[in-house]
Every structure is written in structure tokens, then in C-alpha cells.
Amino acid sequence: MGSIGHITITNFFNKNDYQIEPQFNSLQRKISTLPRLNLRINGYDYFESTGGKTIYIKPIVGKFEQEWFNQISDHVKRSEIVPHVTIAKGISDEQFDKLWPIFKDKECSDSFFVDYLTILKRNTYGPDNYYIVFKKLKFKNERLLAPFVYKNRKRRSAPRNSFWGIQTFLF
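Residues numbered from 1 in each chain as written. Predicted model: local features only at pLDDT ≥ 70, side-chain atom pairs only at ≥ 80, totals over all residues. Heavy atoms only, no water.

Student: Explain the overall build of the chain to me, please; I cannot follow it from the model alone.
Tutor: When its secondary structure is counted, the chain shows four helices and eight strands. Out of the 171 residues belonging to the chain, those deemed buried represent 39%. About 10500 Å² of surface is accessible on the chain, with carbon and sulfur atoms providing 49% of the total. (Helix = DSSP H or I, 4+ residues; strand = E, 2+ residues; numbered from the N terminus. Buried < 20%, exposed > 50% of the residue type's maximum accessible area, 1.4 Å probe, protein only. Areas by Shrake-Rupley, 256 points an atom, 1.4 Å probe, with all protein chains shown as cover.)

Listed below in C-alpha cells is the structure:
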């Protein structure tokens, strides 16, 4: 069974393996307190950033879904997660002008169960810098618990050694 999309939760650019791997047991305990999520999607939208425009599928984010993403943000010490499933990332205005008319009025409605937080790893440099699944952390609880808020930490943005990505995949 292959994934049809993912929502990036966070990235750790400046971390060596020995700095990240010990955090997995703690993260698994925290993630297991969250229930799996039935994420519904409906329609397309886009946003602009310094790297260009991004067209994405819009998840329906109600109060429950927002609290679910807030709790994951707290667990990975990230200030905010803006849920979206990317279709085209970092495209130029010219590319956007060709693609957006195709998507803007197109219907897209479905739902997916999100059962795992997937940790990906890749080397930052070299010919083998593709992502591999390193670990899958299961959402195990039956209901969403009251949040415990963590203080977020600042991270440097330049890559150094291994590149870790934590993503939730929609299957």
C-alpha cells in the first residue's frame, strides 16, 4: 500500500544521528497519547512564499483537527503546523498561471486515516540523498487528551549532517 500524500510536521536540519535517535522513545510515548485521525480533504488552494507559489489540497480543519495538529506541534517543539497536501511546490508565476486554472474549480473530496507519524532520514549531501523510512510511530489512543504545551526552541536553518524529516503520511 503506497502513500498518496503527506503533511510535513517538522524537519531537523542541524542534527547528527546521535542527537536525534535518543528522542524517539520519548516521542513515541507522546505520540501514542494521540488518536489516529480521519483527515478529510476538500478542494484546492495555494499560498505564496519566497521560493514561489505552492498549490495544495485543503484538509478540512475543524476544532478537533486543529487541536490534534497543535498537540503534535507541541510534541516536536514546533511553533505551528499549517496542514496541507502539496500538489506543486515552489512554482514560478508563469507555471502557476498555467496550473491554477486547472485546479481552482476542480472538485476534490475524500478522507484518509492517519495512523502513524513517519520519521524519514536522508543524507544531506552525496548521491544517496533520498529519503528512507527510519521509524513509524503509531497513534494509539482512543480519544484526544487535554494538551500539555511545550516551549518551542529556535533551530538553525543551514543543513549540516543528516537531514531528518517527520511526516504524517496519508494512506
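Student: What's the story with the environment of proline 83 in this structure? I'm lost.
Tutor: Inspection of the secondary structure puts proline 83 in the loop between helix H3 (63–75) and strand E4 (85–91). If sequence neighbours within four positions are ignored, proline 83 has contacts with Ile7, Pro59, Val61 and Phe69. (Contact = heavy atoms within 4.5 Å.)

Student: Can you walk me through H3 in this structure?
Tutor: Each full turn of the α-helix corresponds to 3.6 residues, which orients residues three or four apart in the same direction. Between the first and last C-alpha of H3 there are 18 Å, a value that for 13 residues agrees with the 18 Å anticipated at 1.5 Å per step. Of the residues making up H3, those classed as buried are Glu65, Trp68, Phe69, Gln71, Ile72, Ser73, Asp74 and His75. (Expected span 1.5 Å × (residues − 1).)

Student: It is not clear to me how the sheet that holds E4 should be interpreted in this structure. Could you clarify?
Tutor: The strands making up a sheet associate through hydrogen bonds between their backbones, and the pairing can be parallel or antiparallel. If you trace the four strands from one edge of the open sheet to the other, you get E4-E3-E2-E5, paired in antiparallel fashion. Edge strands, defined here as strands with exactly one partner in the open sheet, are E4 and strand E5 (109–114). Pairs of neighbouring strands in the sheet enclose a mean axial angle of 30°, with direction left out of account. In this sheet, E4 lies alongside strand E3 (residues 52–59) in antiparallel orientation, the contact comprising four bridges. Of the residues in E4, the one forming a bridge with tyrosine 56 is threonine 86. Packed on one face of the sheet, H3 meets strand E2 (37–49) and E5 and runs near 75° to E2. (Pairing = 2+ DSSP bridges. Axes fitted to C-alpha atoms, helices over the stretch in contact; angles between N-to-C directions.)

Student: I'm lost on the pattern of salt bridges in this one. Help?
Tutor: Between side chains of opposite charge, a pair can form when the charged atoms approach closely. Using the criterion set out here, one finds four salt bridges in the structure. Note that glutamate 65 is salt-bridged to arginine 40, the shortest N-O span being 3.7 Å. In this pair, glutamate 65 sits in helix H3 while arginine 40 sits in strand E2, placing the two residues 25 residues apart along the sequence. Classification of glutamate 65 as buried rests on a relative accessible area of 8%. Judged by relative accessible area, arginine 40 falls into the partly exposed class, the value being 36%. (Salt bridge = Lys/Arg side-chain N within 4 Å of Asp/Glu carboxyl O.)

Student: Would you take a moment to explain the nonpolar core for this structure?
Tutor: Nonpolar side chains in soluble globular proteins tend to be buried together. With 32 residues, the main nonpolar core has Ile9, Trp68, Phe69 and Phe139 as its most contacted residues. Here the element with the most residues in this core is E2; it accounts for four residues. When sequence neighbours within four positions are dropped, the list of residues in contact with phenylalanine 69 reads Ile7, Ile9, Leu37, Leu39, Ile81 and Pro83. (Core = buried A, V, L, I, M, F, W, Y, C linked by side-chain atoms within 4.5 Å.)

Student: Sorry if this is basic, but what is going on with the pairing of strand E6 (residues 116–123) here?
Tutor: Two faces belong to every sheet, and in a regular strand the side chains alternate between them. When you tally the buried positions in E6, you get six out of eight residues, the bulk of the element. Relative to strand E7 (residues 132–138), E6 runs antiparallel, the two being bridged by six bridges. If you follow leucine 120 over to E7, its bridge partner there is valine 133.

Student: Explain helix H4 (residues 93–103) here, please?
Tutor: Inspection of H4 places Phe96, Trp100 and Phe103 among the buried residues, and these make up the whole buried set. Along the axis of H4, the buried residues cluster in a sector spanning 65°; they form a single face. Of the residues in H4, the exposed ones pointing more than 90 degrees away from the buried face are Glu94, Asp97 and Lys98. Next to the buried residues of H4 lie E2, E3 and E4. (Arc of directions from axis to C-beta.)

Student: Sorry if this is basic, but what is going on with the environment of lysine 136 here?
Tutor: Structurally, lysine 136 can be placed in strand E7. Distance in space between the C-alpha atoms of lysine 136 and aspartate 115 is 9.4 Å, their sequence separation being 21 residues.

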